[in-house]
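Here's the letter readout for the chains.
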Amino acid sequence: MVVHIFWVINKVGGLIYDKKFHPGLAPLGVNAYLKLSGCFHAQHALARQLSPVGGDSGIEYIEAEDFKLFCYEAPTGVKFVLITGRQTQNINGKVDAVLRAIYELYADYVLKNHFYDMDQPIRVEKWETKLEALIEQAEL
Amino acid sequence: MADLTLSLKPKLPSVLDRSLYFGTSSPKKPAEVSLSSFCFLFAEIVGYCRQQVKTTTEWEERLASIGYQVGLRTLDLCVSRDKAPKRETSLLSMLLFIQNSCWKMLFGKPASSLLENESEHTYIIVDDDMQVDRYISVPADFADLNCAAFVAGIVRAILSEAQFHCRVTAHSSENPAEFPNQRRFRVEFEPHVLARDARLNEARKK
C-alpha cells in the first residue's frame, strides 16, 4: 500500500492536518489542499443526504484512475482521509483498520493533550511520530 | 396523598458504613480507573494549573502542590492496606516502600529502579513507562515543563509526612529512543534528615 496523502478534516470542514508522503509527487500549494479538503467535506455531506433509504454514512471510498481515496468518519464528525496509490487493495478491511487505528491515535495523543485546542490545526509532536510509525508499518 | 415514590428509591449505605473497598470486585483487587478518563482529567489539571502563572517553574509547582494533596492520602492508605504495616525509620527502606508498595497502589506496578547519587547525596526513582503524562506532548515554547511534576508532588508528600523532608523534581527520559515515557524523580533530602539517618545507621550497626 503506497500512501500519498493523509488528511484530517474537522467537523465543520476545515483541514486540520495534512501530511504528504513520497515527495516525488508534484506538490500543490497549501491553499489547494485546503480547497480540496473543503470540497471533499461538502461532497461527503451531500452524499449522506442523497441516499433514498436514509441512515447513510457518506462517502467511504473513491476509486479513480490514478489513486484511491479512503475516508473514515468518526461519530463526532471528524474525517480521516487517506489517498493511496492505484494498487492498494482493501483486503479484509485492512485500510479501514488503519484508519481506525489512526482515529485511536487521534483520541489519545491529540485530544488528551492540554496544549491542543479543539478544531484547530494539529501541531502535536507525539501524534506525528506515532502516525508516521503507523503508516510505515501499514505500508509493508 | 402520601408520596409513594420516596420508598421506591434504593438507599445506598452512608459513606461511613460503606466498605473501604466499595466499587471494587474484592479486597484483593483494588479499584482501577480507566487510563483514558484519568488522562482527560489530567489534561484539564495541567490547564487549570496554568492560570495566573508566569513561569514554567511556577506551573510545575502548582502541579506538584496538587500532587502533594494526593500523596498525603496515599501514604496512610498504602500503609493501612499493607498486610503487615510497619513504620519505616530508615531512609533506604522508606524509598523502597515508595518504589514498591506505593507505586504498585498508584500505578499498578512497582517503579523500575531506585538509584543513588553518592556524590550529591540524592536518590532517583525511575519509572520506565510513566502513564500519567503519556499523552501530553509539550510544545517547544514550554520545553522546560515536565507534567510529571504532579507525581513528584505525590512522592514529596509521602516522604514529608513520614518525616523525611525533601525536595523532589521530575526529569524526562535519558534515553528517549528506547524509553520515551521514562520519568526520573530526583529526591534531595534535607541535611537534618541525612544526618539523622547516618546517626541511626551507626546505632543499628552496634
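Here, every reference points to the structure presented above.
Residues numbered from 1 in each chain as written. Chains lettered and ligands numbered in written order. Predicted model: local features only at pLDDT ≥ 70, side-chain atom pairs only at ≥ 80, totals over all residues. Heavy atoms only, no water.

(A) Examining the pairing of strand β4 (residues 183-189) of chain B more closely. Residues and elements named next belong to chain B. Counting buried residues along β4, 5 of its 7 residues qualify, which places the element largely inside the surrounding structure. Sheet topology note: the strand β2 (residues 122-127)/β4 ladder contains 6 bridges and is antiparallel. By the bridge assignment for β4, Tyr 123 is matched with Val 187. (Buried < 20%, exposed > 50% of the residue type's maximum accessible area, 1.4 Å probe, protein only. Helix = DSSP H or I, 4+ residues; strand = E, 2+ residues; numbered from the N terminus. Pairing = 2+ DSSP bridges.)

(B) Layout of the interface of chain A and chain B. Contacts between the two partners involve 11 residues from chain A and, on the opposite side, 19 residues from chain B. Together chain A and chain B conceal approximately 1200 Å² of surface at their shared face, both sides included; 59% is due to carbon and sulfur atoms. Area buried by chain A at its contact with chain B is led by A:Lys112, A:His114 and A:Phe115, which between them contribute 59% of it. Here chain A and chain B share 0 salt bridges between them. Applying the counting criterion to the chain A and chain B interface returns 6 residue pairs in polar contact (both at pLDDT 80 or more). Of all the secondary structure elements, the ones that give two or more residues to the side of chain A that touches chain B are α2 (94-110) and α3 (125-139) of chain A. The element that contributes the greatest number of residues to the side of chain A that touches chain B is α2(A), accounting for 3 residues. (Contact = heavy atoms within 4.5 Å. Buried area = accessible area lost by both parts, 1.4 Å probe. Salt bridge = Lys/Arg side-chain N within 4 Å of Asp/Glu carboxyl O. Polar contact = N/O pair within 3.5 Å; in protein donor to acceptor, adjacent residues only side chain to side chain.)

(C) Structural view of the sheet that holds strand β2 (residues 15-20) of chain A. All names here are of chain A. Strands sit in the order β2-β1-β5-β4-β3 across an open sheet of 5 strands; the sheet is antiparallel. Edge positions in the open sheet fall to β2 and β3 (61-63), since each of these has one partner strand only. Ignoring which end each strand starts from, the neighbouring axes of this sheet average 10 degrees apart. Both strand β1 (residues 3-9) and strand β5 (residues 79-85) contribute to a ladder of 6 bridges, which runs antiparallel. Each bridged residue has a counterpart across the sheet, and for Val 8 the counterpart in β5 is Phe 80. Across the face of the sheet, helix α1 (residues 30-50) comes into contact with β1, β2, β3, β4 (67-73) and β5 while running at roughly 70 degrees to β1. Sitting on the sheet, α2 touches β1, β4 and β5, and the angle it makes with β5 is about 140 degrees. (Axes fitted to C-alpha atoms, helices over the stretch in contact; angles between N-to-C directions.)

Bear in mind that shape data such as this cannot, by itself, settle questions of function.
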